[in-house]
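# Report on the structure
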Amino acid sequence: MSQKRHHPSKQIHFHGIVKHPFANKILSWILLSCFMAMLIGAWSGEDKNLNGFLAVFVLGSVLLILFYHVEQVSFDDNGFTYRNFLGVSHRYDYAQIIKVQEKEAYNRFGAYALKDIILTVGARKIRLQGNMDNLEHFKICILFKCGNMV
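### Overview of the side chain of asparagine 84
Looking at the secondary structure, you find asparagine 84 in the loop between β3 (79-83) and β4 (89-93). Judged by its relative accessible area of 16%, asparagine 84 falls in the buried class. Side-chain polar atoms of asparagine 84 contact the backbone nitrogen of valine 88, separated by 2.9 Å. Look past the residues within four positions of asparagine 84 in its chain and what remains in contact with it is Val70 and Glu71.

The structure is reproduced here in structure tokens:
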């Protein structure tokens, strides 16, 4: 009695999560702790303008933490889910992508360029920064699923 051999599928499967690098997350927490320490130190002072000024920086640090920790794209063979920094998720099929653009974003000194991806899905534009983890895998997935739009 012969057994049938199972041959692996030759189809390519995609899955992953595109998220911000861990260093960005650590930096946002460091900024928050520094500005909170300054705000606590200035709280005992008489200058209310300084307290308001530092409170704005604390709020900005909290927004950075939300942005770097919450925003992500999870993708698979059927489509992708984009979660913005407020935690609102939207599921899209690859057929809904109208336009894919790559835009070079230079660092402050012009030493190197990262390629950001801008996805146009209906009326919404989703911009993914070039330094995000697994972005190259997502670009390959879009290339396979959407043709040569990139």
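### Describing the pattern of salt bridges
Counted according to the given criterion, the structure contains four salt bridges. Across the pair lysine 139 and glutamate 102 runs a salt bridge whose closest N-O atoms are separated by 3.6 Å. Of this pair, lysine 139 sits in helix α3 (residues 135-146) while glutamate 102 sits in strand β5 (residues 97-106); the two residues are 37 residues apart in sequence, bridging distant segments of the chain. On the basis of relative accessibility, which here comes to 12%, the residue lysine 139 falls in the buried class. Here arginine 127 makes a salt bridge to aspartate 116, at a shortest N to O gap of 3.0 Å. Note that arginine 127 is positioned in strand β7 (residues 124-128) and aspartate 116 in strand β6 (residues 113-121), a separation of eleven residues in sequence. When its relative accessible area of 39% is taken as the criterion, arginine 127 is described as partly exposed. Beyond isolated ion pairs, a larger network of salt bridges with shared partners links Glu102, Glu136 and Lys139.

### Details of the pairing of β6
Looking at chain direction, β5 and β6 are connected through nine bridges and run antiparallel. Looking across to β6, one finds that lysine 99 is bridged to threonine 120. Across five bridges, the pairing between β6 and β7 is antiparallel. Bridge pairing links isoleucine 118 to arginine 127 in β7. Connecting β6 to the antiparallel partner β7 that follows it, the hairpin turn spans two residues, and glycine 122 within it adopts a positive phi of roughly 65°.

### Re helix α2 (residues 48-70)
Across its 23 residues, α2 extends 33 Å between first and last C-alpha, which sits within 8% of the 33 Å expected from 1.5 Å per residue. All buried positions along α2 are accounted for by Asn51, Leu54, Val58, Ser61, Ile65, Tyr68 and Val70. The elements touched by buried residues of α2 are α1 (22-43), β2 (72-75) and β3.

### Quick word on the sheet that holds strand β1 (residues 16-19)
An order of β1-β2-β3-β4 is seen for the four strands of this open sheet, with the pairing classed as antiparallel. A single partner strand is all that each edge strand has here, and the edge strands are β1 and β4. On average, each strand axis in the sheet is tilted by 20° relative to the strand beside it, whichever way the strands run. Relative to β2, β1 runs antiparallel, the two sharing four bridges. Each residue of the ladder has a partner; that of isoleucine 17, found in β2, is serine 74. Where α3 meets the sheet, its contacts fall on β1, β2 and β3, and the angle it forms with β2 comes to roughly 50°.

### A look at the nonpolar core
One recurring pattern in soluble globular proteins is that nonpolar side chains are buried together. Phe75, Phe80, Tyr94, Leu119, Ile126 and Phe138 are the most contacted members of the largest nonpolar core, which totals 21 residues. Put simply, the parts of the chain that give this core at least two residues each are β2, β3, β5, β6, β7 and α3. Leu32, Ala42, Val58 and Ile65 belong to the second-largest nonpolar core, a separate cluster that totals seven residues.

Rules and cut-offs
- Residues numbered from 1 in each chain as written.
- Predicted model: local features only at pLDDT ≥ 70, side-chain atom pairs only at ≥ 80, totals over all residues.
- Heavy atoms only, no water.
- Helix = DSSP H or I, 4+ residues; strand = E, 2+ residues; numbered from the N terminus.
- Buried < 20%, exposed > 50% of the residue type's maximum accessible area, 1.4 Å probe, protein only.
- Polar contact = N/O pair within 3.5 Å; in protein donor to acceptor, adjacent residues only side chain to side chain.
- Contact = heavy atoms within 4.5 Å.
- Salt bridge = Lys/Arg side-chain N within 4 Å of Asp/Glu carboxyl O.
- Pairing = 2+ DSSP bridges.
- Expected span 1.5 Å × (residues − 1).
- Axes fitted to C-alpha atoms, helices over the stretch in contact; angles between N-to-C directions.
- Core = buried A, V, L, I, M, F, W, Y, C linked by side-chain atoms within 4.5 Å.

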